[in-house]
Amino acid sequence: MRAILVDDEQSGLSSLQRLLDLHCPEVEIVHCARNADEAIMAIEQHTPELVFLDIAMPGKSGFEMLQEIPDIKFEIIFVTAYNRYILQALHLSAVDYLLKPVDEKLLIDAVKRAETRIEKRTERMPMETFLHNIQQPGPPNKLKFCIPSAKGFQVIDIQKIVYIEASSNYSNFHFIDRSVVCASKTIHEFATLLADCNFVRVHKSYVVNLDHVLEYVRGEGGNVILSGGKEIEVSRRKKEELMKRMKEYFKQ
């Protein structure tokens, strides 16, 4: 895989290059760029299959750089320092990222995933979704979400999800229009991923979108009634967390 590394810090470039040389011999580094403009020219010249892109750079950020490229035909692995909102956008969009300092095992895994996508010529949904999310100034429920499925990805508006239901090692997403999408991850993973987007796990089998909670019915654990009339049991040990999250939600 022909690759370009983009980082404004020479130490970052040198460290990443050394790790790739040691652990990822399938990666051929064709250029190391210190800023976005240099990277754009290098991409035009070398037509890489993979770009390792720093996010925070002086002048133009990695995001601004991508917005100047009309047709992204390469895979991207973002390299970033911790930022909660950025990581949320990366997670929701199902694109790869590495936190600085880069861990060699995570680097190897990310490169393998990129290689698989390149071989399968996977559609660009994750990147398009990410670029959409990172430009949204509003609340997190206005973001889009890449749902992984057996066929690839489906992109949906988060606010249209009413609840998620566990189905063994899969999860069923239920939407406001009553359609259902099966995703190839567990409900635990989605509960964690969507926690900052007004979703809360109320039962071992259910995660609900607080935007669609119409009523809470008291009981041992109680029940929630959702948009469309769906009633879902709240487990006893999840009740306290639901009450806490609902109070926070209605303060917004």
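Cut-offs used in this document
Residues numbered from 1 in each chain as written. Predicted model: local features only at pLDDT ≥ 70, side-chain atom pairs only at ≥ 80, totals over all residues. Heavy atoms only, no water. Buried < 20%, exposed > 50% of the residue type's maximum accessible area, 1.4 Å probe, protein only. Helix = DSSP H or I, 4+ residues; strand = E, 2+ residues; numbered from the N terminus. Pairing = 2+ DSSP bridges. Phe/Tyr/Trp six-rings, centres within 6.5 Å; stacked < 30°, edge-to-face > 60°.

**Points about the pairing of strand β12 (residues 206-209)**
Right, so step 1: The alternating pattern of β12 places Y206 and V208 and V207 and N209 on opposite faces, both of which are buried.
Right, so step 2: Pairing analysis gives 3 bridges linking strand β8 (residues 161-167) to β12, with the strands arranged antiparallel. Across the sheet, the residue bridging to E165 is Y206, located in β12.
Right, so step 3: Both strand β11 (residues 199-203) and β12 contribute to a ladder of 4 bridges, which runs antiparallel. Opposite F199, over in β12, you have N209 as the bridge partner.
Right, so step 4: Between β11 and the antiparallel strand that follows it, β12, lie 2 residues.

**Describing the packing of aromatic side chains**
Aromatic ring pairs are reported here in terms of the distance separating the ring centres and the angle at which the planes meet.
Right, so step 1: Applying the stated rule across the entire model yields 7 aromatic pairs.
Right, so step 2: Ring plane angle 50° and centroid distance 6.0 Å describe the contact between F145 and F173, whose orientation is recorded as tilted. In this pair, F145 sits in strand β6 (residues 144-149) while F173 sits in strand β9 (residues 170-175), placing the two residues 28 residues apart along the sequence.
Right, so step 3: On the accessibility criterion, F173 (0% relative accessible area) is buried.
Right, so step 4: A ring pair is formed by Y163 and Y206, whose centres lie 6.1 Å apart and whose planes are at 55°; its orientation type is tilted. Linking Y163 in strand β8 with Y206 in strand β12, this pair joins segments that are 43 residues apart in sequence. An identical accessibility class is assigned to Y163 and Y206; each is buried.
Right, so step 5: Here a set of aromatic residues connected by ring pairs shows up, and it is made of F63, F78 and F130.

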